[in-house]
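# Structure at a glance
Now for the letters of each chain:
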Amino acid sequence: MQIKRNYNEPFFRERLLRKRKRQMAWRRNLIFLLLVLLGGALLIATQPGLVMQATYKILGIEATPTPLPSTLATQAQEYFYQGDLQKAKELLARAVEQRPDNIDYLYEYGMILLDLDESDAALAVAEQISEVDSNDVRGYALRARSLVWLDQAAAAVPVARAGLQINPNFAPLYEVLSWAYTATSDWQQGVDYGQLAVEADPGNVRAYWAYSNAMATVGETGEAMRLLEEAIRVHPYYLAPYFQLASLYLAVSRDQEAIDLYNRIIGLEPRNSRAMLRLCQAYLKVGEFQRALGMCQDAVDNDPGDIRNQFQLAMLLYDNLDFQGALDAFEACYELDQSLLGCHYRMALSYYYVAREAVQVCQTNPTDPLCETVYLTQGCQMAWDTLEDSLIMAQAQDSDQTDIDNIRAGLDAVIRDPYCTGVNGNLPFVSTPTPEAIATEEAPST
């Protein structure tokens, strides 16, 4: 029997159909796989925390949940009102790291940086805000305030005024204009904008601070103190108004109230070396030398890197004729800033007095520890060389004549002192105060 072929149908039709079905299934599977991969990539990019949590769960690892930026910002605000600015800064930095485009977080972070005197960093944050939204008024306010803190008040005025064109009701712009105009001696505008800042936001401690600064500058001390007292009531843990109020108390001889206020600051922040230094100076003002000395030592112990602390402690020891202690502090001061004339030439004079003490002591007691120090044999020469450098520095800096006279007197004392025989130097200098007068001169304000 012969089978006839139907030439109207493809010979391999069924095989072709099966092949096409396999190809269509493969394409569907490939498209599905691509969609799964794209979805996974999108999930990882937008919700990395959830992905990590799921991964840890599969692997049986206990994961510590990562706080959301909003949670970090809320906690930072709480720390700010508790007075812990450093902790607030750390949390806001983490929030900004997670959401670098969030202006709420950026602005609060920048303001905290200014409170911590990190003005350059705050200015960089202001620029970051402008990159996110050049028309956001908070970028203008933060930039202007940073410029004021960087002693560029004149440059801050047009920035703040440009911000007012965008939002004339934003209180921090009034506040920064008060600071800026006061710093540029436009006192009436400083006062006017300070008042506007308080009226626009009566719950803002920084507004009261700015307004009080303007009022104190124009001699309205009583009103300035009232505003600072109100600032402390609004935010009892914000320390800047405490310092300004205590300073005003000292200026009007309400010394005990100033001392109480500095002690209150230390109660709120026990390691605040700035308050310790100010308390040291307040005790010195009322004649309580030993308390002043102890508080200055505490300031140095808590922040040895602050040159003001080292200098004030050195001056107290110097005035108390503790020349070895003064020398140690002046050397630390000099290491922190070699251009500070007060540290430099008093360090030289301390070399002289320690050398003189060593010679006198060792003549009667050769076993004294001073006899094994370099000051016995080289102290006078060290004093001479350092005083010569100080004189050159003083003349280059166009320093006060009193400092120049004291340096010359020190050179005169060294070259003429019989305890300092063998000093290699000439004496083209005019003698003025006696060495004893130099030793007991009062410490300058820092």
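Residues numbered from 1 in each chain as written. Predicted model: local features only at pLDDT ≥ 70, side-chain atom pairs only at ≥ 80, totals over all residues. Heavy atoms only, no water.

Moving on, we get to the packing of aromatic side chains. Aromatic rings considered in pairs are described by the distance between their centres and by the relative angle of their planes. Here the structure, examined in full by the defined rule, presents 15 aromatic pairs. Here the aromatic rings of phenylalanine 311 and phenylalanine 330 are separated by 6.3 Å at their centres, their planes lie at 65°, and the arrangement is edge-to-face. One end of the pair, phenylalanine 311, is in helix H17 (residues 307-319); the other, phenylalanine 330, is in helix H18 (residues 323-336), with 19 residues separating them in the sequence. For phenylalanine 330, a relative accessible area of 0% corresponds to the buried category. A ring pair is formed by tyrosine 352 and tyrosine 353, whose centres lie 5.0 Å apart and whose planes are at 50°; its orientation type is tilted. A residue is classified by how much of its surface remains accessible, and tyrosine 352, at 3% relative accessible area, is buried. Overall, the relative accessible area of 9% leaves tyrosine 353 in the buried class. (Phe/Tyr/Trp six-rings, centres within 6.5 Å; stacked < 30°, edge-to-face > 60°. Helix = DSSP H or I, 4+ residues; strand = E, 2+ residues; numbered from the N terminus. Buried < 20%, exposed > 50% of the residue type's maximum accessible area, 1.4 Å probe, protein only.)

Bringing the state of the cysteines into the picture now. Evaluated as defined, the whole model comprises three disulfides. Between cysteine 280 and cysteine 296 runs a disulfide, and the two sulfur atoms are separated by 2.1 Å. Taking the sign of the S-S torsion, about -85° here, the bridge from cysteine 280 to cysteine 296 comes out left-handed. Remark: cysteine 296 occurs in helix H16 (residues 289-302) and cysteine 280 occurs in helix H15 (residues 273-285); sequence separation between them is 16 residues. A disulfide bridge connects cysteine 333 with cysteine 343, and the sulfur atoms are separated by 1.5 Å. Between cysteine 333 and cysteine 343 the disulfide shows an S-S torsion of about 75°. By sign, it is right-handed. (Disulfide = S-S within 2.5 Å.)

Turning our attention to the nonpolar core. Among soluble globular proteins, nonpolar side chains are generally buried collectively. Leu142, Tyr262, Phe330, Leu387, Ile407 and Val414 are the most contacted members of the largest nonpolar core, which totals 132 residues. Ranked by the residues each element gives to this core, the list is headed by helix H19 (residues 341-364), at twelve residues. (Core = buried A, V, L, I, M, F, W, Y, C linked by side-chain atoms within 4.5 Å.)

Let's shift gears to the layout of surface pockets. For the largest pocket, the calculated volume is near 1200 Å³. Considering the residues around the largest pocket, the lining is formed by 33 residues, among which Asp115, Leu116, Asp117, Phe243 and Arg274 are closest to the centre. For the lining of the largest pocket, the secondary-structure elements that each account for two or more residues are helix H4 (85-98), helix H5 (103-115), helix H7 (137-149), helix H9 (171-183), helix H13 (240-251) and H15. With four residues, H13 is the single largest residue contributor to the lining of the largest pocket. Looking at side-chain class alone, the lining of the largest pocket contains 14 nonpolar, eight polar and eleven charged residues. (1 Å grid on protein atoms, 1.4 Å probe; cavity = no way out; pocket = protein on both sides within 12 Å on 5 of 7 lines; lining within 4 Å. Points joined across faces, edges and corners; volume = space filled by probe spheres on them. Nonpolar A, V, L, I, M, F, W, Y, C, P; charged D, E, K, R; others polar.)

Right, let's talk about H16 for a bit. Along its 14 residues, H16 runs 20 Å from first to last C-alpha, staying within 8% of the 20 Å computed at 1.5 Å per residue. Those residues of H16 that fall on the buried side of the exposure criterion are Ala292, Leu293, Met295, Cys296, Ala299 and Val300. Those residues of H16 that are buried lie in contact with helix H14 (255-268), H15 and H17. (Expected span 1.5 Å × (residues − 1). Contact = heavy atoms within 4.5 Å.)

Turning our attention to the confidence of the model for the chain. For the chain, the average pLDDT comes to 86, and 80% of its residues sit at 70 or higher. In this model residues 428-446 is a low-confidence stretch, pLDDT under 50, and it forms 47 contacts with partners more than four residues away in sequence or in other chains. (pLDDT = per-residue confidence, 0-100.)

Before going further, it helps to examine the pattern of salt bridges. Tallying each qualifying case throughout the model produces 15 salt bridges. One salt bridge in this structure joins aspartate 115 and arginine 206, with 2.6 Å as the shortest N-O distance. Separated by 91 residues along the polypeptide, aspartate 115 in helix H5 and arginine 206 in helix H11 (residues 205-217) bring together distant segments of the chain. Exposure class is identical for aspartate 115 and arginine 206. Each is buried. The partner of arginine 226 in a salt bridge is glutamate 223, and the shortest N-O contact between them spans 2.7 Å. Here the residue arginine 226 and the residue glutamate 223 both occupy positions in helix H12 (residues 221-234), the gap between them amounting to three residues, near one helical turn. You can call arginine 226 partly exposed: its relative accessible area is 42%. For glutamate 223, a relative accessible area of 25% gives the class partly exposed. Several salt bridges converge on common partners, so that one network encompasses Asp104, Asp136 and Arg138. (Salt bridge = Lys/Arg side-chain N within 4 Å of Asp/Glu carboxyl O.)

With that out of the way, let us pick up the environment of alanine 122. Relative to the helices and strands, alanine 122 is located in helix H6 (residues 119-132). On the basis of relative accessibility, which here comes to 0%, the residue alanine 122 falls in the buried class. The contact partners of alanine 122, leaving out residues within four places of it in the chain, are Gly110, Leu113, Leu114, Leu142 and Ser146.

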